[in-house]
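Okay, here's what each chain looks like letter by letter:
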Amino acid sequence: MRILITGGAGFIGSHLCDRLLAEGHEVIAMDNLSTGNVENIAHLAGHERFHFIKHDVTNYIYVPGPVDAVLHLASLPSPVDYLNYPIQTLKVGALGTHKTLGLALEKGARYLLASTSEVYGDPLVHPQHEDYWGNVNPVGPRGVYDESKRFAEALTMAYHRYHGVDTRIARIFNTYGPRMRADDGRVVPNFICQALRGEPLTVYDDGSRTRSFCYIDDLVEGLIRLLFSDETRPVNLGNPQEMTILEFAHKVLEVTGSSSPITFVHPTDERTKDDPKVRCPDITRARETLGWEPRVPLEEGLRRTVEYFRGRV
Ligand code: UDP
């Protein structure tokens, strides 16, 4: 297949490029390099089935030749990024989805939207299953991300129902691994880099919020299975092993062998406003329809991620 991946130079996008090339597909990575990094795809330069197009997907997209699948991963998925770039975040989620769906329609391509657990907002149902509609504050600082992705899902379903586009929606929960940006502000790179530098680990508030962390290889496997399945309903992809952020800080200290202290920080900006108190995927649908579940234990995934950051800190 000839596959377009928007956000192809990003964390998840670049891993998808690797995997799809390894399976024999032709891959076109598109990225405006705002948060993506050419370093993530530098090893693919010169590959005969790999192409890179530097383009902002909020503008009209032109891709010469046939396209069999469009995977829309371009996004600003870190809370710090979407607080700093709220309008770009809304645009890539809304306009970028419109442009990529238009391209899929024109080319007769299958379409996969990278959606998010943030569509559930600060959830009142726990764990979150796909039939839960969520609890999102549209006018809060996280609303720019959450609502753009909710709009993206609605638009994807409209193209599916009205135009008959063959669509998939992945609701991606917290994912980690090599190629995350050291400075993206999320808890995984923050804690690992702090631990490696011997700096205090910055646990926000009392560290009692929960998250469930999925290793990148598991996520990519889930995305591929979803793409090649017949499932057009949203599918949660994440690791249901849930823990508090304080527990996660201890886990990072254990894996890095760091003697960094843990410090409790109370951000005065809007960083933790509407921060979901709990998050854990119900992956029954992924298990049943894709035969998928995560395989990489947290310690193992963290070890591989720490190795990546060790060379960069
Ligand atoms: N967090 C933290 N310290 C940090 C960065 C994040 O305690 O240095 C917390 C944050 O408040 C949230 C959780 O870790 O409750 C996960 O945050 P992240 O930014 O990784 O992504 P989110 O899951 O909120 O999208």
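Look up a bit, the structure's there.
On a predicted model such as this, the values are computed, not experimentally measured, just so you know.

Enquirer: Which residues make up the site of the ligand, and what values go with them?
Expert: The full set close to the ligand counts 18 residues, and N174, V187, T202, R211 and D275 are the nearest of them. The contact in question runs from an oxygen atom of the ligand to an N or O atom on the backbone of Y204, over 2.8 Å. Within the side chain of R279, an N or O atom sits 2.9 Å from an oxygen atom of the ligand. Contact with the protein chains hides 95% of the accessible area of the ligand, taken as 520 Å² for the molecule alone. The class makeup of the residues in the shell around the ligand is six nonpolar, five polar and seven charged.

Enquirer: An account of the packing of aromatic side chains is needed here, citing residue identities and associated values.
Expert: Summed over all chains, the structure comprises seven aromatic pairs. Ring plane angle 15° and centroid distance 6.0 Å describe the contact between Y120 and Y132, whose orientation is recorded as stacked. Here Y120 is found in the loop between β5 (110-116) and α4 (143-163), whereas its partner Y132 is found in the loop between β5 and α4, with 12 residues between them in sequence. Taken as a pair, Y120 and Y132 share a single burial class, namely buried. With centroids separated by 5.5 Å and ring planes inclined at 65°, the aromatic side chains of Y176 and Y215 adopt a geometry described as edge-to-face. Highlighted residues: Y176 in strand β7 (residues 175-176) and Y215 in strand β10 (residues 214-215), separated in sequence by 39 residues. With respect to class, Y176 is no different from Y215; both count as buried.

Enquirer: Lay out the sheet that holds strand β3 (residues 50-54) with the relevant residues and their values.
Expert: Taken together, the seven strands give an open sheet; going across it, the order is β3-β2-β1-β4-β5-β6-β11, and neighbouring strands pair in parallel fashion. On the outer flanks of this sheet lie β3 and β11 (234-237), each paired with one strand and no other. When the angles between neighbouring strand axes are averaged without regard to direction, this sheet yields 20°. Note: strand β4 (residues 69-72) against β5, four bridges, orientation parallel. Looking at the pairing, A69 lines up with R110 of β5. Set on the sheet, α4 makes contact with β5, β6 (167-172) and β11; between it and β5 the angle comes to about 155°. Lying over the sheet, helix α6 (residues 216-227) contacts β4, β5, β6 and β11, oriented at roughly 160° with respect to β6.

Enquirer: With reference to specific residues and values, describe unusual backbone geometry.
Expert: Omega for the bond connecting H126 with P127 falls within 30 degrees of zero, at -5°, which places this linkage in the cis form. On the secondary structure map, P127 appears in the loop between β5 and α4. Residues other than glycine seldom take positive phi values, yet D205 does so here, at roughly 55°. Mapped onto the secondary structure, D205 falls in the loop between β8 (201-204) and β9 (210-212). A residue is classified by how much of its surface remains accessible, and D205, at 19% relative accessible area, is buried. You will see that D274, though not glycine, has its phi angle at about 60°, which is positive. When you line up the elements, D274 lands in the loop between β13 (262-265) and α8 (284-290). Assessed through its relative accessible area of 28%, D274 is described here as partly exposed.

Enquirer: Please give an account of the nonpolar core that cites residues and values.
Expert: Ranked by internal contacts, the top residues of the largest apolar core, which has 59 residues, are I5, L16, L71, L223, L237 and F248. Among the elements that make up this core, the one with the highest residue count is α6 (seven residues). With residues near it in sequence (within four places) discarded, L16 still touches I5, L71, L73, V220, L223 and I224. Residues V70, A104, M157 and V165 belong to the second largest nonpolar core, which totals 22 residues.

Enquirer: Can you break down empty space enclosed by the protein residue by residue, with the values?
Expert: Under the definition given, this model contains one cavity of 30 Å³ or more. Roughly 50 Å³ of volume is contained in the largest cavity. Lining of the largest cavity is provided by 13 residues; of these, A74, S75, V92, G93 and K149 occupy positions nearest its centre. At the level of secondary structure, the elements contributing two or more residues to the lining of the largest cavity comprise α3 (86-107) and α4. A per-class count over the lining of the largest cavity returns six nonpolar, six polar and one charged.

Rules used in this analysis
- Residues numbered from 1 in each chain as written.
- Predicted model: local features only at pLDDT ≥ 70, side-chain atom pairs only at ≥ 80, totals over all residues.
- Heavy atoms only, no water.
- Near = heavy atom within 4 Å.
- Polar contact = N/O pair within 3.5 Å; in protein donor to acceptor, adjacent residues only side chain to side chain.
- Areas by Shrake-Rupley, 256 points an atom, 1.4 Å probe, with all protein chains shown as cover.
- Nonpolar A, V, L, I, M, F, W, Y, C, P; charged D, E, K, R; others polar.
- Phe/Tyr/Trp six-rings, centres within 6.5 Å; stacked < 30°, edge-to-face > 60°.
- Helix = DSSP H or I, 4+ residues; strand = E, 2+ residues; numbered from the N terminus.
- Buried < 20%, exposed > 50% of the residue type's maximum accessible area, 1.4 Å probe, protein only.
- Pairing = 2+ DSSP bridges.
- Axes fitted to C-alpha atoms, helices over the stretch in contact; angles between N-to-C directions.
- Contact = heavy atoms within 4.5 Å.
- Core = buried A, V, L, I, M, F, W, Y, C linked by side-chain atoms within 4.5 Å.
- 1 Å grid on protein atoms, 1.4 Å probe; cavity = no way out; pocket = protein on both sides within 12 Å on 5 of 7 lines; lining within 4 Å.
- Points joined across faces, edges and corners; volume = space filled by probe spheres on them.

Without other data, these values stay purely geometric and don't point to any function.
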